[in-house]
Amino acid sequence: MSTPVLLGTLLPAVPLVTGLIGLLLPPASPEAGAARRRARRAAITLGTTGAALSLLLAVALLATLDAPAEATRTWIDFGGLTVTLGVRLDSTVALVAVAVAAVALAVQVYSIGYLRNGPHDEVDVDHRYPPYAAQISLFTAAMLLVVVAGDLILLLVGWEVMGLCSYLLIAHERRLPAAPGAAMKAFLVTRVGDVGFLLGIALLGVSAGSFRIADVLAHDHATGLLTAACLLLLAGVAGKSAQFPLHTWLPDAMAGPTPISALIHAATMVAAGVYVVARLFPLFGQVPVALAVLGVLASITLLLGAFAALAQDDLKRVLAWSTVSQLGYLTGALAVGAPAAALFHLLTHAAFKALLFLAAGAVIHAAGTALMSQLGGLHRTMPVTFWSMLIGLGALAGLPPLSGFFSKDSVLYAAEEAARHGGPAPAWVGWAVWLAGLVGVALTAGYATRLLLRTFFGAPRSPLRQPHDPPAVLRWPVLLLTAPAALLGLAGFSGTFARWLEPYGSATRERSAELLPADPLVHVGPTVLLPLVLLALGAGLAWARWRRDPGGDPAVLLGPLRPLSARAFWLDDLQHTLVVRPIGRLAAGARTADEVVVDGAVTGSGRVAWWLGGGLAAWHRATLPRAAAGVLAGALLIGLAAMLIGGDA
């Protein structure tokens, strides 16, 4: 076994082992002080050690992997249909693994302080910390399994374990009334998409005679079957990556702990769908219909998330809708045939979105609220958090020279090129993604500026609170994340980096490696002026409105659109009315039919048998006069029957 293969095998195995061991730790009761502290210390050690080792393994894989590597072993053979255990490694895998492990380590360390008592908390220590830390480790293992898997069935295992862990972690704080419902919603909505995902994998595996990714990519699939499989896979992508119309679970998932929001939004749950499409892009590139569908969904999702983020009052919900919008850029890049640009923005988004959520968590931890209407003036009392949030919001908005500027520009450039010169999808898909992306630049700058001004500037709207920068265990993960959020975009100037992000097995990657010098992902030229003008327009409008009334909300600029944006155009309510409520009534009817008809027939037959048995038992236990009368009556009836039969004869 080569060194890269060994490292790739250990990547998901290490957090899996630490997570399983962590699940054996008892979540001590709040009254058991010493036992609780011991269990917490053990959980911290296991969680941080597993995440740190995963990061070291990912960095070592990136450093040692000089060529694609693969190792497989047959697991099950269903009459010629093979399922394998193995890894499929390349530089893209290593880069994404580094991002996942880095965010997981930051979340594990940050949670040590976040799940302790703050100035506005009544509970001393979260006594359920051991299962929490173990579930983060399992979540990390599942995502890393998706990243390195060389077989679609193995990938599906990691995909589904992520869904289970997200359910458990979103519902972690059961004292919050919204948490269990949000966890159930996330689980069910993503399961809807996963049905299509499973069927798509089954179609590809049966067609190729193997679920091994290399075999699936190399097989010459029938056009109709490949189209159906890709469209079914997109259903799973829409669920996991919160794309319209299966996006509604992600904002509600903010009921979970803030570090879990960072984990889900930055490098695990929502990135999985984009990563899988990039992994299988040689197949999607052969199906223009699937790319067209993906482009339409991406354009709608991009604008929907940006408009919704403009009118939210909750810090975390602003960032959640921001994730929905940014995922539209990622899937839009895939739709126009630019997986490298999608993965580039995925990596920068992982950095600045993890930074933003952890910085928001510091604000919530210090101020005791996530509502911007109750914040203000924090740049004086929380300077470290302010500057970190400023870098994160600048990267989110695409402010040069921060990372988001370069990665978002690569997406817009790819969309414009596809619109003007064509690509694997129809030209109109490129125009749709490009125009939606440009509008999204202005909207993103607007809500990022609004969040910064409403939270950190103006007069404090809750003067009784005295917030301050968080302790070191919360502060250092935030500070360390500012480096990639600010500088990672510069990697886009490297042609080698661009080649690393091309899907393994794609013609583009092979041609770039063998014939042509690699093109960088960043294209500095006149095309960047329009996004910069739109960025300045969006930020300037928000700042000008706030300047006129520092106590007001710049969201008033939306006018009659504001209530629609605040409720995300009522799509959640529409989904509840058209889908959830009818299914609930159907389920209630099925339950009634089962209880009344099916169970009624069973219980009714039992009651009839009981009644007949009781009647016969009563006759059996009859007294002598009643028994004699019964015998005589029976004899009389038999004699009468004999006479009638004899007379007829």
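Residues numbered from 1 in each chain as written. Predicted model: local features only at pLDDT ≥ 70, side-chain atom pairs only at ≥ 80, totals over all residues. Heavy atoms only, no water.

Chemist: Let's hear about the overall build of the chain: which residues, and what values?
Modeler: For the chain, the helix and strand inventory stands at 26 helices and two strands. For the chain, the spread of C-alpha atoms along the principal axes amounts to about 120 × 65 × 55 Å. When the 649 residues of the chain are sorted by exposure, 53% land in the buried category. Of the contacts formed within the chain by residues at least 6 apart in sequence, a portion of 80% connects residues at least 24 apart. (Helix = DSSP H or I, 4+ residues; strand = E, 2+ residues; numbered from the N terminus. Buried < 20%, exposed > 50% of the residue type's maximum accessible area, 1.4 Å probe, protein only. Contact = heavy atoms within 4.5 Å.)

Chemist: Can you tell me about the side chain of threonine 482, naming the residues and giving the values?
Modeler: By secondary structure assignment, the location of threonine 482 is in helix α20 (residues 472-487). Aside from chain neighbours lying at most four places away, what touches threonine 482 is Leu355, Ser388 and Ile391.

Chemist: I'd love a proper account of the nonpolar core, names of residues and values included.
Modeler: Counting 194 residues, the largest nonpolar core has Trp249, Ile264, Phe284 and Leu501 as its most contacted members. For this core, the element with the most residues is helix α15 (residues 339-367), which contributes 20 residues. Excluding residues that lie within four positions of it along the chain, isoleucine 264 makes contacts with Phe139, Ser166, Ile170, Trp249, Leu250, Met269 and Val270. (Core = buried A, V, L, I, M, F, W, Y, C linked by side-chain atoms within 4.5 Å.)

Chemist: Explain empty space enclosed by the protein to me, and be specific about the residues and the numbers.
Modeler: Here the idea is plain: a probe the size of a water molecule rolls over the atoms and shows the empty space left. The tally for this structure, following the rule as stated, stands at four cavities of 30 Å³ or more. Size it by volume and the largest cavity reaches roughly 90 Å³. Among the secondary structure elements, those contributing two or more residues to the lining of the largest cavity are α18 (403-421) and α23 (529-548). Counting residues per element, the lining of the largest cavity draws most heavily on α18, at four residues. Here the residues of the lining of the largest cavity sort into eight nonpolar, one polar and two charged. (1 Å grid on protein atoms, 1.4 Å probe; cavity = no way out; pocket = protein on both sides within 12 Å on 5 of 7 lines; lining within 4 Å. Points joined across faces, edges and corners; volume = space filled by probe spheres on them. Nonpolar A, V, L, I, M, F, W, Y, C, P; charged D, E, K, R; others polar.)

Chemist: Got a sec to walk through the environment of leucine 435? Specific residues and values, please.
Modeler: In this fold, leucine 435 is placed in helix α19 (residues 427-456). Judged by its relative accessible area of 46%, leucine 435 falls in the partly exposed class. Sequence separation between leucine 435 and glutamate 416 is 19 residues; the distance between their C-alpha atoms is 8.9 Å.

Chemist: Explain the pairing of strand β2 (residues 81-89) residue by residue, including any values.
Modeler: Within β2, eight of the nine residues are buried, leaving the element largely enclosed by the surrounding structure. Where strand β1 (residues 69-78) and β2 come together, nine bridges link them in antiparallel fashion. Bridge pairing in β2 places phenylalanine 78 opposite leucine 81. Linking β1 back to β2 in an antiparallel pair, the connection comprises two residues, with glycine 79 at a positive phi of about 60 degrees. (Pairing = 2+ DSSP bridges.)

Chemist: Account for the pattern of salt bridges, naming residues and giving values.
Modeler: Taken as a whole and assessed by the stated rule, the structure comprises 14 salt bridges. Notably, a salt bridge pairs lysine 185 with aspartate 572, separated by 2.6 Å at the nearest N-O pair. Of this pair, lysine 185 sits in helix α6 (residues 178-208) while aspartate 572 sits in helix α25 (residues 571-620); the two residues are 387 residues apart in sequence, bridging distant segments of the chain. A salt bridge links aspartate 553 to arginine 450, with the nearest nitrogen and oxygen atoms 2.7 Å apart. One end of the pair, aspartate 553, is in the loop between α23 and α24 (561-566); the other, arginine 450, is in helix α19, with 103 residues separating them in the sequence. (Salt bridge = Lys/Arg side-chain N within 4 Å of Asp/Glu carboxyl O.)

Keep in mind these numbers describe shape, not what the thing actually does.
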